[in-house]
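Take a look at the letters that make up each chain.
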Amino acid sequence: MATPEDTPLLLDVMLGKLARLLRMCGYDAAYALDRGVEDDARLREIANREGRVLLTRDEELARRTPESVLLRTRHVDDQLRELADAGFELSLPEEPRRCATCNGTLTDAATPHPEHVPDDAERVWACTECGQHYWKGSHWEDVETRLEEV
């Protein structure tokens, strides 16, 4: 089974929404457009150099990349089902680990309740890279329900 702890990922340009959800699951999920990369050869080189499994909807790219998973569906929930069927662990961790926006790591926020965070948030995390704040609110619960339905 592929787990967030042992399976770093690289997602091609067609999988931006999926990258965000996999980051919420704790995966180190690099996204091609975040790195300004669209070229297949460059994606293959990055996946190889960084030891990442390439997730792609491009059949030719998947065929030419040994450590890859070809996703055939367009809708992100269907893509999650494909990954679950391929043996990927898909659940939210007890504590968020990755920034859904930039893939940076999360740590406890220096300011417990920044202005834009609801007062009822029990705990707040901040991205060490971009500073984005996270808490377990309705969005967290919505994603948890979505993953349970996969």
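Our subject is the structure listed above.
Read on for an overview of the structure. Here the structure is a predicted model, which means the values were calculated and not measured.

## So, the overall build of the chain
Line of reasoning, step 1. In terms of helices and strands, the chain carries five helices and seven strands.
Line of reasoning, step 2. N-terminal to C-terminal, the α/β element order of the chain is β-α-β-α-β-α-β-α-β-β-β-α.
Line of reasoning, step 3. Relative to the compact-globule value of 15 Å for 150 residues, the chain shows a C-alpha radius of gyration of 16 Å, a close match.
Line of reasoning, step 4. For the chain, the C-alpha atoms occupy an extent of roughly 50 × 30 × 25 Å along the three principal directions.
Line of reasoning, step 5. Taken across its 150 residues, the chain has 45% of its residues classed as buried.
Line of reasoning, step 6. Within the chain, contacts between residues at least 6 apart in sequence are counted, and of these 48% link residues at least 24 apart.
Line of reasoning, step 7. About 8300 Å² of surface is accessible on the chain, with carbon and sulfur atoms providing 43% of the total.
Line of reasoning, step 8. Of the charged side chains in the chain, 19 are positive and 32 negative, and the gap between their average positions amounts to 7 Å.

## Examining helix α2 (residues 40-50)
Line of reasoning, step 1. Of all the positions in α2, only Leu43, Ile46 and Ala47 are classed as buried. For α2, the buried positions fall inside an angular range of 95 degrees around the axis, keeping them on one side. Away from the buried face of α2 by more than 90 degrees, exposed residues Asn48 and Arg49 are located.
Line of reasoning, step 2. At its buried positions, α2 is contacted by β1 (9-11), β3 (53-56) and α3 (59-64).
Line of reasoning, step 3. The distance from a side-chain oxygen at the start of α2 to the backbone nitrogen of alanine 41 is 3.2 Å, and the residue carrying that oxygen is aspartate 39.
Line of reasoning, step 4. Glycine 51, located one to two residues past α2, shows a positive phi value of around 65 degrees.

## Section: the environment of cysteine 127
Line of reasoning, step 1. Mapped onto the elements, cysteine 127 comes out in strand β6 (residues 125-127).
Line of reasoning, step 2. Judged by its relative accessible area of 6%, cysteine 127 falls in the buried class.
Line of reasoning, step 3. Between the C-alpha atom of cysteine 127 and that of alanine 100, which follows or precedes it by 27 residues, the distance is 9.3 Å.
Line of reasoning, step 4. With sequence-adjacent residues up to four places away left out, cysteine 127 is seen in contact with Cys99, Cys102, Gly104, Thr105, Leu106 and Gln132.

Conventions used here
- Residues numbered from 1 in each chain as written.
- Predicted model: local features only at pLDDT ≥ 70, side-chain atom pairs only at ≥ 80, totals over all residues.
- Heavy atoms only, no water.
- Helix = DSSP H or I, 4+ residues; strand = E, 2+ residues; numbered from the N terminus.
- Rg over C-alpha atoms; globule rule 2.2 N^0.38 Å.
- Buried < 20%, exposed > 50% of the residue type's maximum accessible area, 1.4 Å probe, protein only.
- Contact = heavy atoms within 4.5 Å.
- Areas by Shrake-Rupley, 256 points an atom, 1.4 Å probe, with all protein chains shown as cover.
- Lys, Arg positive; Asp, Glu negative; His and termini not counted.
- Charge placed at Lys NZ, Arg CZ, Asp CG, Glu CD.
- Arc of directions from axis to C-beta.
- Polar contact = N/O pair within 3.5 Å; in protein donor to acceptor, adjacent residues only side chain to side chain.

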